[in-house]
Amino acid sequence: MPSGGNIEWESARLFSQLKNISLRPGAKWTLGDCRVVAPYTLEINRLKKEKDAFILAHSYTNPEIMYGVADAVGDSYGLSLAASKVKQKTIIFAGVWFMAETAKIINPSKTVLIPGGRAGCTLADSMTGEDLVNFKKKHPGAPVLCYINSSAEVKAQADICVTSANVASIAAKISGDKIIFAPDMLMAQNLIVMLRAQGVKKEIVYTGGSCCVHDKYTADEVKNMRAKYPGIKILIHPEAPPDVCALCDYVGGTEGMLKYVAASKDKTFGLLTEIGLVNRLEHDNPGKTIIWERGTCAYMKKNTLFNTLAALKEPSARQIVDVEEKTARAALKCIDKMFEMSK
Ligand code: SF4
C-alpha cells in the first residue's frame, strides 16, 4: 500500500483540484477529505500504468474520479471521440452502460470495463431494438435519428446517431419531411422548437423515453430561482421539458454549458442539470457562484474509486463490456454517420 509521505503528496494534489468543489450542500472538499480518498487514487494511478489502462470519465461522475484518476473527462460525444483514439490495451469507462458499449463499438480491439457494472440509464433503457423496429413499421421510409443515450441494439436499428449538441444541425441536413427520433421524447420536443427557430419545416415523430434527472424540472423552480437570485442566468439541458427550457437563458448539453459559463461576464448561474456538471463548473470557475438545487444521476454515481480499483485488479463478469458483433457493426455505421455529419 502507498506510504504516508506519498499519501500526503497525493492529498495535496487532490486538494488543489477539489478545493472549490462542493462535497455536500454548504461544504467544500477539505484536505482531510482528500486524505481519505488519496490511498485509492494513488493505487489506481499506479495500477493504470502497470495494466496499460486509460480512464474515461463522464462529467456526471464523482469529482474524485474526474479529477483524481481520469485521463479524459467529457460528455458522451467527447468521450466517444476520445475512446476512438485510446492506444492503451484497456479502457475503463466511468459512466453508464450505453457509453461503455459505444466505446467498445468504436474501438473493438480494446478491453472495455465499466466500474459500476451494468449502470443503466432510464433513457437508454426505455426501448429495445425490437421496439424501434416496430415503431419504424408505423412510419415507413422515415430516416431514424437516435440520441447517443441509447443501447447498441437501438443504434443498430437507426440511421444516424446524434447528441444534444449536434441534433438540430444534423436534423436540418436530412432530406425528407419526416424524421423518427428515439428514444428521448423531451429532446424530440425540444428539437421541434429548435428546428422551428431555424425556419426548418419537418415532422418529428418520437418514442416515449426520458431522463429521470432532467425530466423532473418545473417552471416553478425557474421562477423561484429568479426571485431568489435577481439577475441570475439559468442553464438547462434539452432533456428537460420544453416549457421549462423556454424560461431559461441557455439550453444545451454539458460542453455547451461549460463554454457558456466560462465566456460569460455574469457572476451567478443557476444549473438545472446533474450535480457532476455543477462540480465541473465549480472547478473551472472559482470566482463565480453556481446555484444548484437538485438533480443527481444514481446510475452515474454507481462508479466509485473502490469499484474502479476492483476493475483494474480483477474485473468481474458484470464489469466487462461486450457487444454482439453484428449489432456492433450496424451500430458503428450509425455512430460514424454522426462523426461524418458533424464535420
Ligand atoms: S443523467 Fe439521465 S440520461 Fe444521463 S445517464 Fe443518468 S438517467 Fe441517463
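### Considering the overall build of the chain
Then, number 1: Across its full length, the chain holds 15 helices and 15 strands.
Then, number 2: Compactness check: the chain gives a C-alpha radius of gyration of 20 Å against a globular reference of 20 Å for 343 residues, within 12% of the reference.
Then, number 3: The contacts in the chain between residues at least 6 apart in sequence include a share of 67% that link residues at least 24 apart.

### Side note on the domain arrangement of the chain
Then, number 1: Examined at the domain level, the chain breaks down into domain 1 (4-121 + 300-321), domain 2 (124-211) and domain 3 (214-291).
Then, number 2: Placing a centre on the C-alpha atoms of domain 1 and another on those of domain 2 gives a separation of 31 Å.
Then, number 3: Contact with domain 1, which involves eight residues of that partner, is made by nine residues of domain 2.
Then, number 4: Sorting the residues of the side of domain 1 that touches domain 2 by element identifies helix H4 (76-85) and helix H5 (97-106) as the ones contributing at least two each.
Then, number 5: Take the side of domain 1 that touches domain 2: its biggest share by element is four residues, from H5.

### Considering the packing of helix H2 (residues 31-50) against helix H14 (residues 305-313)
Then, number 1: Their axes nearest at 10 Å, the elements H2 and H14 cross at an angle of 25°. For the element pair H2 / H14, the angle class is roughly parallel. Read as a crossing pair, H2 and H14 show a hand that is left-handed. Together, Val37, Tyr40, Thr41, Glu43, Ile44, Leu47 and Lys48 of H2 and Leu305, Phe306, Thr308, Leu309, Leu312 and Lys313 of H14 make up the contact between the two elements.
Then, number 2: Split into classes, the residues belonging to the contact of H2 with H14 amount to eight nonpolar, two polar and three charged.

Thresholds applied
Residues numbered from 1 in each chain as written. Predicted model: local features only at pLDDT ≥ 70, side-chain atom pairs only at ≥ 80, totals over all residues. Helix = DSSP H or I, 4+ residues; strand = E, 2+ residues; numbered from the N terminus. Rg over C-alpha atoms; globule rule 2.2 N^0.38 Å. Contact = placed C-beta atoms within 7 Å. Domains from an automatic or database assignment. Axes fitted to C-alpha atoms, helices over the stretch in contact; angles between N-to-C directions. Parallel < 35°, antiparallel > 145°, perpendicular 65-115°, else oblique. Left-handed = near helix turned anticlockwise from the far one by under 90°. Nonpolar A, V, L, I, M, F, W, Y, C, P; charged D, E, K, R; others polar.

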